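Letter by letter, the chains look like this.
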Amino acid sequence: MRPQHIIASATVVAARSPALVCAFAPASFGAGSSEPSSRAVGSRPSLSRPTSSKLQISSIDSGALSELEDLIADLMEVSNGESHGSRSSSFLLPSPGRSAPSSRSMSEASSAHGMPWTSTIGRTDETNPLLYMPFWEWQLDFMKSSLNNLHPIECTTLNELDVSYNENKEKRARIVNHCYASDEYRKIRMTYYDAGDSVQVFNSVWYPDAKYNLPVLGIDILSFNRKRYLAIVDFQPLHENEENHSTTYEHILQPIKDKYDNLKGRMSSKFYDETQFFSKEMLFARFEDSKIVQEDLFPAFKSYVKTHLDLVKSASPASSREDVLHVFDRQRAYDTYSADRDPAAGLFAAMFGKQWAEDFIYDFLFSLSERTEEGLNLSPPMFGGPPKGGGNPGGPGGPSAKCVAPIGKDSSKRPSLSSRG
């Protein structure tokens, strides 16, 4: 373990010790001060600092120093024993991209904004208007029962905009977002959009902790007027070659996909290049028969979710900071690629305004993404088939001209690892 990692780890653990916190408390926050001694969990620090903040050197007692010395000694023992177990050393590596836990309990977070809903805000002629709510409920129950240290995190953008809920009463549409994290995943985002029979959407993205060099689990399921359906469920690769991940996985997905002929479609190149950030075993479907949702899509979705968690739990974590940062950089590239091509951008803009849609997609849905000069693609979603105009690449009807760097290569427009966290 490198010295800076030992110091960082000591700082994290020491912050949990009341004796050490008090011993090194800034003078302006000492006894008798009107300022609070700590911030609420999940709040962000102020950019301004009191000019009078100085360490109370005289308040550092020998007991606190002794405790800190013992802590560093323990960490040094872990460092010396690195060769005996990679998991012990990698556990102490800081994981980028993680958000502070919310102050809410799991019960409070999972029921926020009345979830799971039982009735629609929109117009309906169906007995089950919230078509994808069973997907939401099953996933959340699975997360609670299967993930270690599952906890909620706040649904906010970089400028502190709360995007956990929004609605358009006039157009009878609403959207809800939940965010969670666990030992295995740095972020799991769940989004449900309800506009009655007009539109139903369930979307979720599972980002493994960056110490795991594994694909992102992406889920996007849409229904339009209960006549057209679109579904994508995939282990979305971070690297062009499957072998560049810590383990291969497509051979595990193939037997699942083979069970469902209705989920073997190919996507339109209107929004996505299926050679980037999509696997060969992606579940893709566009259909008009609603029975496929329950008979094929739901069981296949469950199998992919379970398999992804099995993959993460069986993977060996990275043993170097460089490897962790490389995986995190690939997750950034994934976010930028996805934000630029989100097929629901036009829908969000129409219902909640273009500015809200841009902040929502770039700073929340794909919070590591870099905004492009072109802005969002506000075209309606495509349902597959050959592009118009014969599919001439770069010509009318061909693939979108917007493109991030190919997988495995750097992008000159992508921010550096130190620019956003």
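Residues numbered from 1 in each chain as written. Predicted model: local features only at pLDDT ≥ 70, side-chain atom pairs only at ≥ 80, totals over all residues. Heavy atoms only, no water.

### A word on the overall build of the chain
Heads up, the rule is: Working definition: helices are DSSP H or I runs of at least four residues, strands are E runs of at least two. Numbering for both runs from the N terminus. Three labels apply to residues, based on accessible area from a 1.4 Å probe with only protein chains included: buried if under 20% of the type maximum, exposed if over 50%, partly exposed otherwise in between. Contacts between residues were defined by any pair of non-hydrogen atoms, one from each residue, lying within 4.5 Å. Reported accessibility uses the Shrake-Rupley method at a 1.4 Å probe radius. Residues are deemed covered only where the shown protein chains occlude them.
Across its full length, the chain holds 11 helices and 8 strands. Out of the 421 residues in the chain, the part that is buried amounts to 50%. Sequence separation of at least 24 residues holds for 72% of the intrachain contacts in the chain that already meet a minimum separation of 6. Accessible area of the chain: about 20,400 Å², with a carbon and sulfur share of 51%.

### Things to note about the nonpolar core
For clarity, the cut-off: Nonpolar cores were defined as sets of buried Ala, Val, Leu, Ile, Met, Phe, Trp, Tyr and Cys residues, with membership established by side-chain atoms within 4.5 Å.
One finds Phe202 and Trp206 to be the most contacted residues of the largest nonpolar core, which totals 53 residues. With 11 residues, helix α8 (residues 291-314) is the largest single contributor of residues to this core. Beyond its immediate chain neighbours, meaning those up to four positions away, phenylalanine 202 contacts Tyr132, Phe135, Trp136, Gln139, Met190, Thr191, Tyr192, Ile219, Asp220, Ile221 and Phe301. Of all hydrophobic cores here, the second largest spans 46 residues; its members include Ala173, Ala195, Ala210 and Trp356.

### Quick look at the confidence of the model for the chain
We count it as follows: Confidence of the predictor in every single residue is expressed as pLDDT, which spans 0 to 100.
Within the chain, residue pLDDT values average 76, and 64% of them lie at 70 or more. Note that pLDDT drops below 50 for residues 382-421; the model gives that stretch 88 contacts with residues more than four away or on any other chain.

### A word on α8
Selection rule: Here the expected span of a helix is defined as 1.5 Å times the quantity of residues minus one. Here the bend at a residue is taken as the angle between two axes, fitted respectively to the seven residues that end there and the seven that start there.
Taking 1.5 Å of rise per residue, 24 residues should cover 34 Å, and α8 covers 35 Å from first to last C-alpha, within 8% of that figure. At leucine 297, α8 shows its largest kink, close to 40 degrees, and the proline proline 299 lies no more than four residues downstream.

### Things to note about the environment of glutamate 154
Definition in use: Nitrogen and oxygen atoms within 3.5 Å of one another constitute a polar contact, given that in protein one can donate a hydrogen and the other can accept it, and given that sequence-neighbouring residues count only through two side-chain atoms.
For glutamate 154, the location among the structural elements is in the loop between β1 (151-152) and β2 (165-168). Residue glutamate 154 is classed as partly exposed on the basis of its relative accessible area, which comes to 35%. Sequence separation between glutamate 154 and histidine 178 is 24 residues; the distance between their C-alpha atoms is 8.0 Å. The contact partners of glutamate 154, leaving out residues within four places of it in the chain, are Ser102, Ser103, Arg104 and Cys179. There is a polar contact of 2.7 Å between the side chain of glutamate 154 and the side chain of serine 102.

### Some thoughts on the pattern of salt bridges
What counts, and what does not: Any carboxyl oxygen of Asp or Glu within 4 Å of a side-chain nitrogen of Lys or Arg constitutes a salt bridge here.
With the rule as written, the count across this model stands at 10 salt bridges. As a salt-bridge pair, lysine 211 and aspartate 209 come within 3.5 Å of each other at their nearest N and O atoms. Pair check on accessibility: lysine 211 and aspartate 209 agree, each one buried. Among the ionic pairs, lysine 264 bridges to aspartate 261, the shortest N-O distance being 3.0 Å. By relative accessible area, which is 36% here, lysine 264 ends up partly exposed.

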